[in-house]
Amino acid sequence: MTAPPGEELARLAALHGVATSYQPSPDRTVTASAAAVTRALAALDVDADTPQAVRAALAVRERELRERLLPPTVVCWSGSPCEALAGLPEGTRLHIETEQGESRDSVERLPAGVHRLTVVAPDGRTGRAHLVVAPPRLPTPEGRSYGFLVQLYSLLSQRSWGMGDLGDLGELAGWAGRVLGAGFVQVNPLHAAVPGAPTDPSPYRPSSRRFPDPVHLRVENVPEFAYVRPDAPRSVFERAGRLREAVLEKGELIDRDAVWELKRQALELVAEVPLGPGRRAAYCDFLAEQGQALEDHATWCALAEVHGSQWQRWPEALRDPRSAETARARGELMDRVDFHSRLAWLTDTQLTDAQRAAREAGMPVGIVHDLAVGVHPEGADAWAQQEYFAAGMSVGAPPDAFNARGQDWGLPPWRPDRLAASGYEPYRRLLRALFRYAGALRIDHVMGLFRLWWVPQGEPPTQGAYVRYDAEAMLAVLVLEASRAGSVVIGEDLGTVEPGVREALRERGVLGTSVLWFERDWDGDGRPLPPDRWRADCLATATTHDLPSTAARLTGEHVELRDRLGLLTRPLEEERAEAAGDIGEWLAQLTRLGLLAGTGGGSDRSSEEAEIQAVHRFLLRTPARMIGVWLPDGVGDRRPQNLPGTWDQYPNWRLPIADAEGLPVTLEQLASSPRLHALAEVFTEEFRQRQ
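What this report covers is the structure whose coordinates are included nearby. Residue indices begin from 1 for each chain and proceed along its sequence in written order. Residues qualify for local features only when their pLDDT is at least 70, as the model is predicted, and side-chain atom pairs are given and counted only at 80 or more; totals for whole chains, interfaces and linings, by contrast, use all residues. The side-chain values count all of the structure's non-hydrogen atoms but skip hydrogen atoms and water molecules.

Concerning the sheet that holds strand 4 (residues 93-97)
Selection rule: When DSSP finds two or more bridges between a pair of strands, those strands are recorded as paired. Comment: elements are numbered from the N terminus, with helices defined as DSSP H or I runs of at least four residues and strands as E runs of at least two. Contacts are assigned to residue pairs that have any heavy atoms within 4.5 Å of one another. Only C-alpha atoms enter the line fits that serve as axes; for helices the fit covers just the stretch in contact. Angles between N-to-C directions range over 0 to 180 degrees.
Taking strand neighbours across the sheet as the criterion, the five strands line up as 3-7-6-4-5 in an open arrangement whose pairing is mixed. The sheet is open, and its two edges are formed by strand 3 (73-77) and strand 5 (103-104), each paired on a single side. As paired elements, strand 4 and strand 6 (residues 113-120) share five bridges and run antiparallel to each other. Each residue of the ladder has a partner; that of L94, found in strand 6, is V119. Set on the sheet, helix 13 (residues 471-485) makes contact with strand 3, strand 6 and strand 7 (126-134); between it and strand 3 the angle comes to about 55°.

Here you go:
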C-alpha cells in the first residue's frame, strides 16, 4: 500500500514523532506511505491498523499529553533558564534528588548530572521525570592540530598476528606524536563483532557498541602471558608469524577469523594463569563498575558458543536475558562468562594504554574512536537490550541523488520512547564506556541524534519513514558525558542533512566533518569552495574509509575499479570525463592558490605526490580546527578500504595498507617512508611557522 496517510493518521504519527514526509532537496517533498507510517507506529506499540484504531490511539495520546505535567526526560542547560519547566502551573512545587545524593527544591545552580525530578501542581497532580543538567557546550580542541585516519586492522607491524592490534595503535600514536607532531589518530569502530564463520568484517555492524572486541588485543602485552606454560608460546608465535606473512608477503587478505581463533586459544592459556592480588583487585573493580551490562554481554558470548550467534534461534527461554533459564545457563557456563568478562577488561586496559601513549607523546587529543550508528540484530546488545529496540525495523536512508533505491543498513533502531522513559540510560552508559579511553569520539551518521529512517522488515528502503528522537536530550547526554571525560566530539554529518541540524550541533560544540571533494559552492556557481569559506568547527579531510584514496581519485583509478566491478550507471567514457573534470577544477584551484609543490602560483603538476601534498596544503588554508590525513595517502595506496554497494565483489575491510604498487606496507616501513615524511612535513612546516 503506497497511499499517503490520512489526516487522523498524520496527526497520530506527529504526536509520536513519526514523520509523514521528508525533503530530499529544498524544492522537493516526498510523502511517506500510510503503510510505512502504520508499521513505524506499530513498532512503538501504537495500533493504527484501522481507522477506528487510529481514532482510539489519537484520543489516548492527546489526553496523555494534555494531562501530564512533564515529559519522561527534561533537559536544563547550566547557566541558562530551564525552559523545559517554564510551562508548569504557577505554584508548582519541585523536589529534586540529585545524582550526587542531595535534595533540592530548585533548579538553580544544580550540579551537572542526571537527577530525579518530582513536581506537584496546586491541583494535586504529580509528575516525575529524569532531569538532565548539562554544560552548555562540549570541550573544544586545544588549538589546531592534524592527525592520521586509519583502519586499525589494516595497520600491520612485524609484531602483528595477521591484523593490526592495540599494540600497533600505541606505537603509531607514540611515533606520530613525537616525531611528526601529530595531534590525534582516528580509528575505525573497535566494537565487539558478531562471531561466526565467516564473521561479518564490517566494523559498522557490531554485536555490541558498549564493549570492545578482544581480537584487537596484543596478546604479548597481557602481563599473565609471560607465565603461560613454557612450551606454548613457541607454537603460538610460529602460527602468528604465518598469519602475518600471509598478508604481508603472500598477498592474502586479512583473515579476521583465523586471527581470532589463534588469539582465542592463546587467551585461553592466559586465563589459566591466576591473577596477582593487584590485578585481581583491578579486575573486580572493573566487574563492579560495568555491572549488569558486562554480565549480559559475557553471558551472550558464552551462550553463542553453545547455541550459535543467532539468538532468535536459541531455545525460547534463552532469548530472554532475564529468564530463570538464562540465569541457570549463566551459572552452568560461569567459567566461560568469566573468560569473556576478563577479555573485555583486558581490551579496555589496552585501549586505555593506547590513549595514555598518545597523550604522553604530546598529542592534545590522542585516540579518536568511532561510534557506529547501530548494532547487528543478532548481536549481544540486541539480545540484552531488547526492550530498547524497535522490533521489525531497520535503520537506513531514503532515496536521494546518490542512491535512487535508498539504503537498508540492517541495524535495529533504538525506540525513542523507551530511551526517554529510562532517562537515556543505555545511551548514557554506552557513551561513558567509550569515553573511558577516547580523547575524542566520532559519531557515525550524527544526524541520527535527531531522526532515523526506519525501514519495515520485508520492505524496500523506499517504503520507510523518518522517526524523530528528542535531539535536545540526546545532545545533553552527549555533552554531559563528553564534558566529564574532557573529550572532543566529531559528528559525521555528510550527505543529506536536515535544515538546522548542523547549527544545533555547532551550538553545543560538536565538530562537523568536511571532505574536500564535496566542499563546493552549491548555492552559487558550484565551483570548489575557497578555503576561507570553510567552516572552522570541523574535522577536514581529503577522503574517508568509504571513498577513493587521494591517489586513486587524482589518477581516475577509482572509476576504472568501479567499471571492472560493474558498478557504473553510465558509460565509462562519460564517468571518466566527469571525474577528470572534477579533478581538473580542484587542481586549477590549487594552482591559483600557489599550493602545488610551493610553486607560488605555478602549474607544477609533475608528480602525484606533489598534488597530494597540495591537497593537504589546501586543507591547512581552511580554518578547520582538526585536519585528518588518511594514512594510506602517505604511501600512495590506491585501494579503498570499503567500496559501498559491494559485498563479495570486493574485499571490503580486509586489506592491509599498501603502497602505489599494491605491496603491503608495515608500520615500521610507514615510519621510515620518505613519501609519508614529505607529506607530514607539509604540516610540521606550517605549525613551525606559527610558533
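Observations concerning the state of the cysteines
Applicable threshold: Any two cysteine sulfur atoms lying within 2.5 Å of each other are counted as a disulfide. Burial here depends on accessible area, computed with a 1.4 Å probe over protein chains only, as a share of the maximum for the residue type. Under 20% is buried, over 50% is exposed, and the range in between is partly exposed.
Per the counting criterion, the structure on display carries one disulfide. Looking at C301, it has no disulfide partner, and the nearest cysteine sulfur is the one in C284, 19 Å off. Judged by relative accessible area, C301 falls into the buried class, the value being 15%.

Comments concerning the sheet that holds strand 16 (residues 451-456)
As summarised here, the arrangement of the four strands in space is 14-13-16-17, forming an open sheet in which the pairing is antiparallel. Each having just a single partner strand, strand 14 (407-411) and strand 17 (465-468) make up the two edges of the open sheet. Between one strand axis and the next, the sheet turns by 50° as a mean value, whatever way the strands run.

Considering helix 2 (residues 34-43)
Extensive coverage of helix 2 is indicated by the burial of seven of its 10 residues. Burial in helix 2 covers these residues: A34, A36, V37, T38, A40, L41 and A43. For helix 2, the secondary structure elements touched by its buried residues are helix 1 (7-15), strand 13 (393-397), strand 16 and strand 17. Within two residues after helix 2, D45 carries a phi angle of roughly 65°, on the positive side.

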